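Topology and contacts: notes
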Amino acid sequence: LADEDQSHAMQVIFGKSSNAEFVSETYTAVTYHNKSPDFYEEVKLKLPAKITGKHHLLFTFYHISCQQKQNQTGSSETLIGYSWLPILMNERLQTGHYCLPVALDRLPNKYSMHSPEQKIPNQNPQIKWVDGHKGVFNVEIQAVSSVHTQDNHLDKFFALCHTLEGQVTFPFWILDQKITENDLEHELKLSIISLPSAGLEPLVLFLHQVMDKLFQLTVQPIVVAGQTANLAQFTFESVVSIVNSLHNSPDLSKDQHGRNCLLMSYVHYVFRLPEFQKEIARGVPAAGPIIPESRYYTVGRSSAVNVGSRLLQSRILSSSNPDIAGTPVLADEVKTLSSSKQFHEELALQMVVSAGMVRENVFKYAWFFYELLVKSMAQYLCQMDKQDSSRKLRFSDRFKDDIITIVTIVTAEIGTILVKQQKEAEQAEKINISLAFFLYDLLSLMDRGFVFNLIKIYCQQLSGKLQSLPTLISMRLEFLRILCSHEHYLSLNLFFITNQSAPASPCLSISSQNSSSSSSVQDQRIANMFELSTDYRQQHYLTGLLFAELAAALEAEVEGIARVQKKAVNAILNLLCSHDLDSRYSKPEIKTKIAALYLPLIGIILDVLPQLYDFTDARIRKTRPATSDGEADTSTINHNVALIIAGNPVNTMLRSSAIAFSSLSSKPTTPLAADTSRDLLISFLWILKNADQTLIRKWAADLPVTQLNKLLDLLHLCVSCFEYRGKVSSDKVSTQALQKSKHTKARLEEVLLGNAGARGEMMKRCRGPGNERNFGLNENLRWRKDQTQWRQGNERHEKTKADLDQEALVSGNLMTEANLTILDTLEIIIQVISMSDCKDNVLGSVLRILLHSLGCIQSSYFLTHCFSTLRALLAKYADLLFEEEAEQCSDMCQRVLDHCSSSMDSTRTQACATLYLIMRHSFSTISNFARVKMQVTMSLASLVGKSSDFNEEYLRRSLRAVLAYAEEDEDMQQTMFPIQVEELLLNLNSILSDTVKMREFQKDPEMLMDLMYRLAKGYQTSPDLRLTWLQNMAEKHTKRKCYTEAALCLVHAAALVAEYLSMLEDHKYLPVGSVSFQNISPNVLEESAVSDDILSPDEDGICSGRYFSENGLVGLLEQAAELFNTACMFESVNEVYKVVIPIQEAHRDVNKLAYTHGKLKNAFNNITAKGSKRMFGTYFRVAFYGAKFGDLDEHEYVYKEPTITKLPEISHRLEAFYGKCFGEDAAEVIKDSSPVEKSKLDPNKAYIQITFVEPFFDDYEMKDRITHFEKNFNLRRFMYTTPFTKDGRPRGDLKEQYKRKTILTTLHAFPYIKTRINVIQKEEFILTPIEVAIEDMQKKTLELATATHQEPPDPKLLQMVLQGSVGTTVNQGPLEVAQVFLAEIPEDSKLFRHHNKLRLCFKEFIMRCGEAVEKNKNLIASDQKEYQQELKKNYNKLKENLRPMIGRKIPDLYKPVMKIHRETKESCKRSSFRKNETSSSSSQNS
């Protein structure tokens, strides 16, 4: 109700779904037969905007009659009583739990002004209450309001603040407390102190109002009874406590930097300088001055005398120090003084004088107070119209002193945390970043010289505190990179210092004072522009500091420095990116001046060249070797000057051994990571691209040769770094990786492309119409506080094909531009050395970079320019290059010839012209031309042998183009040059023709190796080419994991080198030739086919490769030993090192000898450990039949296959391969190994016969082949058997079963430099049935003997062999053989010996069976006794059955031999055999 009249009931109760939206009354449910009912209803009300003391809730209670009494009419509801609850009490919403009394009578007038729990005065008669005015009705009130605080602390604070804003008569009431004039100051202080104790939810709801009131009280002290109340300290401490509470609450959101979002929004959107309300004048004398806008609030006394007029006539007192005695001043002076007290000054002062936990929290959440300071300073400048005034006069000296004190204290606090509280390092980093952003903002508001002095104080303080070099550099780097991200960074660094028409300095800073005395640096030495000199640091203060930190980080050699190095390099790179993307600096002349600012970075990068990651081999992390010239670097950095500029006294820094920079240079440096090196090289190329080319030329001309070579080494590294890598294969990458790649590539493209020149136009055309991308629009140009991302998410992101294509396009364009920049720099260096005397030392390095560029994946646009540069270099320095750089000229021929097979017409045209000019310029000297011809021939051989993607047709076109050039060159027509070119090209074409088949048989490894072997054989008169082909074969074998064959290829190559070394040098420690290698393999002797009467190694161009030397020989042999070791051919490792060791001993190379003997020790240990467990190759006979095979028709080969290759495996492989070649129906495998009758074969088919073969040795050979290795090495003879019968069937009865033994002899011994070798001889032996039986019985007897004498014994193997010999199921096997061949003495006397031999075999067989049965008896367990008895029984039965046949002798065999006829050598052997056999038989019978 808004009044006591029920007609004034307000429509504020939310209705139910069946009623109106708002109603004025609502009913609860009826509770049946319950004297103490519970009502569960929840009623929701909408409070009016303005609530008065009359607003209240009225509760009416009814009794409901379920049954009406007789004669009762009317409603069943009987009114019982009333209760009420005022909504406001002491100006506060009443919320919580209440127990209200119930009145039985009608409520009197003005009841709503009182609480029902109190007795209403002046009532006659008195109101009747239920239970004598006791509380009987329980109700709970909850409020949801953003207008009413519902918190006692906030209520009291706002009530007191409201009291201060009006004219209040003392005493007055706040809540239940009476406030007198003397209590006002005390109560106000208490309310301010208790504000942080308020509930978090109401505090958050009224945060903006609370902060505004506190800031008003901070700068506007309260005057009570003429005395000034000092509230600034209390309000500041309360603000700090509130900030701490909000940050510590887990329920409130924070940004990625840990800053409370509520406080951020308050500072950004809400905070304004406190506004001064008008003075409330009460009883002011007419003569007194009236100031309409007074700075201070006044509080009236009970006498209603305005104390404000007294205050205006007293000296304004500092809110921070009210004890200063005041002196009377005039009214206008009072107005001036009152306006001089500013919020930013008071805030800075409170930050300075704070102590204890307050100061600790101020540092912890410094970002908030820094933001308040900066915003209040900016608003102050706007209100006072000081934007255009001198920066030095904008703020008072006292305020500047406070800022200096703040920076000093905060820096000291950062150092203290890092030194004493390592766990709080993250907090120190946040404070450091907040301080950096604070100074960043001050650069836009205050005198720049003053801010630079603050930076100096920071560096000096931090260096004095920290002893850990990585931490020190990391903190200062983070600090500097934020400052350097200022929008006027370039102006602050006076990048236009060389411009005569440069604008005035933006501030009266240290830099501007120095620049005023000199407007140009044209008189300085150009070399100084590339050094971090004292003048540079004075003129370019921030950049000098950043470069000093970068140099210190790169030179440091301490743990954890890698992360710091990456941060330093990233800071530089991001600066360059921001400059390049800034539209203000888009003009080329401005970019030139910006690049001049960063010239000292080139000197720094040259100093750290040995540390840079070697991109030439990305799979192995290694550092580039330091230059061996031994000369000191001319562009060293004076670290002492850097420390002085940074604010560090030199003597202080030198006392600390941990950060004494002078000692770092002598220590081994830390290699840089790949991404760090890449970013550093990007920065280097950006400077080279945008710097004044004349300046670069003059600088290069003054460089010493050592420094120039270092620069060329750096360019060589850049080529490797910026090679095109192709598209990303995966479609899914992490968000972090995606952002990084897009961010980096987009920035780098914009950094290096620029907007001017033909290259930029080419890049734009490559993008295509409609494909332009606004790179960098969303990039963080600088480290904005509202944009900087400290962490990146790890969500997954899926790339589309379009994204990948675009990435590949951008990456390709970037790599092209990077390499073009390198090429431009090389052009400058070529121009420089043409005017100097250092051609010999530099030209080779220039050529090396050009060839390296040609060897990398490049765009056709770049290749056009690269070939042009190469031709110009040849035209200018041809003789010098051909004489001094012979090896690089060989590489040049190979690179150019490689591009002659390119599918791009423009590339082929350029390559052809270059190849012709190489020949033409080398023709002036016969030796040079001979060498070039050999190099071109070798290059072609290497190209077709190693490259699988060269195009033969394109290469032939290029060769024809070169021939056309020679025929049309009029100047050379009178010489022999055209004829020699034609001869060379004919030779090259023949090589190409030989390699056509190689291309056709790329998928047939055996045929491919045959063709390569044939080519190598054809180059036997050209040792360089033969060596090349042998290496190609070794590489192919290695890819197929045929390590033995690869090793033998290298052994053959080493033997070839040894042959020619023996012709050139006569040293005892060198191998005599290929003969010295025959213990490794007898096949090596074929390398001796070339002798000095065929070819002389002294001839120019012959044996000119790097392998034709002692080092080359040793290198080949060491590679071969490694491959032998991989193939488990450890015995061959020993033989190889037998050739190497004398050479190493002759050179007294102890380290190499130790290494070699270590390898030998490992090899011998492996022989002992593995022994016969090693498994070598498996061999098969493969015969080809059919015209489809061409040259292979009716040829037989022995194939060496990997270990444990089964016959079905090789059959399937060959059938599948030739099925693809000739058609699935045209290729057929012959299943048996019988002789093939070609007349019965289908001429339209291709037949393959595959048979498993085993190495075959004569008896005399077995004497020398003892070890497992010897039985599997140097194999030339192989055997396979074929069972057959007279009627053509493969199998028959024992009397009909014949066997054919075939012995194959190969052209070379296995293993060889290829895996299949021709069969040159075939021998066949036919065994009769009885000989077959003898062989079978001998085999069984050998198996029994082996199983019986095996150590340790194997019971399972023994029982298995026994079961196969005497078991009941197989008794018919041996017994049937005996019954067939031994039952009767043969009639044919020729079979007597075979009969007797078989009888002796059975006799030995029975003996071995007995030994095995007895052996098994000792091995069986108790549960196998029955099995043993069964074996014994079967053995005895077999023995009894065989006894009569074994005991039967042929009398003719044992007659005395009187005379032996020796007709032939063979008959002698047979007679001796008979005699020995007879004697052995006699001994057996006896």
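Each remark here, short or long, concerns the structure printed above.
Notes on the structure follow. (Residues numbered from 1 in each chain as written. Predicted model: local features only at pLDDT ≥ 70, side-chain atom pairs only at ≥ 80, totals over all residues. Heavy atoms only, no water.)

**Focus on the overall build of the chain**
Applied cut-off: For helices the rule is a DSSP run of H or I covering at least 4 residues; for strands it is a run of E covering at least 2, with both sets numbered from the N terminus onward. Burial classes: relative accessible area under 20% of the type maximum marks a residue as buried, over 50% as exposed, and values in between as partly exposed (1.4 Å probe, protein chains only). We call two residues in contact when some of their heavy atoms are within 4.5 Å. Throughout, the Shrake-Rupley method with a 1.4 Å probe supplies accessible areas, and for residues the shown protein chains are the sole cover considered.
Of the regular secondary structure elements, the chain holds 52 helices and 21 strands. Of all 1486 residues assigned to the chain, the portion counted as buried reaches 49%. Of the contacts made within the chain by residues no fewer than 6 positions apart, 71% connect residues no fewer than 24 positions apart. Carbon together with sulfur atoms contributes 50% to the accessible area of the chain, which is approximately 72,600 Å² in total.

**Looking at helix α14 (residues 448–465)**
In an α-helix, one turn spans 3.6 residues; hence positions three or four apart end up facing the same way. To be explicit about the condition: Multiplying one less than the number of residues by 1.5 Å gives the expected span of a helix.
The end-to-end C-alpha distance of α14 is 26 Å, a good match for the 26 Å that 18 residues give at a rise of 1.5 Å each. Of the residues making up α14, those classed as buried are Arg448, Gly449, Phe450, Val451, Phe452, Leu454, Ile455, Ile457, Tyr458, Cys459, Leu462 and Ser463.

**Examining the packing of aromatic side chains**
Note the cut-off: Centres within 6.5 Å are what make two rings of Phe, Tyr or Trp a pair, Trp counting through its six-membered ring; a difference in plane orientation under 30 degrees is then read as stacked, over 60 as edge-to-face, and the rest as tilted.
As enumerated under the stated definition, the model contains 42 aromatic pairs in all. A centroid spacing of 5.8 Å and a plane angle of 50 degrees characterise the contact between tyrosine 916 and tyrosine 965, whose relative ring orientation is tilted. Here tyrosine 965 lies in helix α37 (residues 952–968) and tyrosine 916 lies in helix α35 (residues 905–922), a separation of 49 residues in the sequence. Exposure remark for tyrosine 916: the relative accessible area of 6% places this residue in the buried category. On the basis of relative accessible area, tyrosine 965 is assigned to the partly exposed category, the value being 31%. Put simply, the rings of Phe1184, Phe1189, Tyr1197, Phe1217, Tyr1218 and Phe1222 pair up and form one aromatic cluster.

**With respect to unusual backbone geometry**
The step from phenylalanine 1310 to proline 1311 runs through a cis peptide bond, and the omega angle for that step is -5 degrees. Mapping proline 1311 onto the fold places it in the loop between β20 (1298–1310) and β21 (1316–1327). The amide bond that connects glutamate 1351 to the next residue, proline 1352, takes the cis arrangement and shows omega of -5 degrees. Note that proline 1352 resides in the loop between α47 (1329–1348) and α48 (1355–1366). Positive phi is not limited to glycine here, since isoleucine 1204 has a value of about 55 degrees. Mapped onto the secondary structure, isoleucine 1204 falls in the loop between β16 (1196–1201) and α45 (1207–1222). You can call isoleucine 1204 partly exposed: its relative accessible area is 49%.

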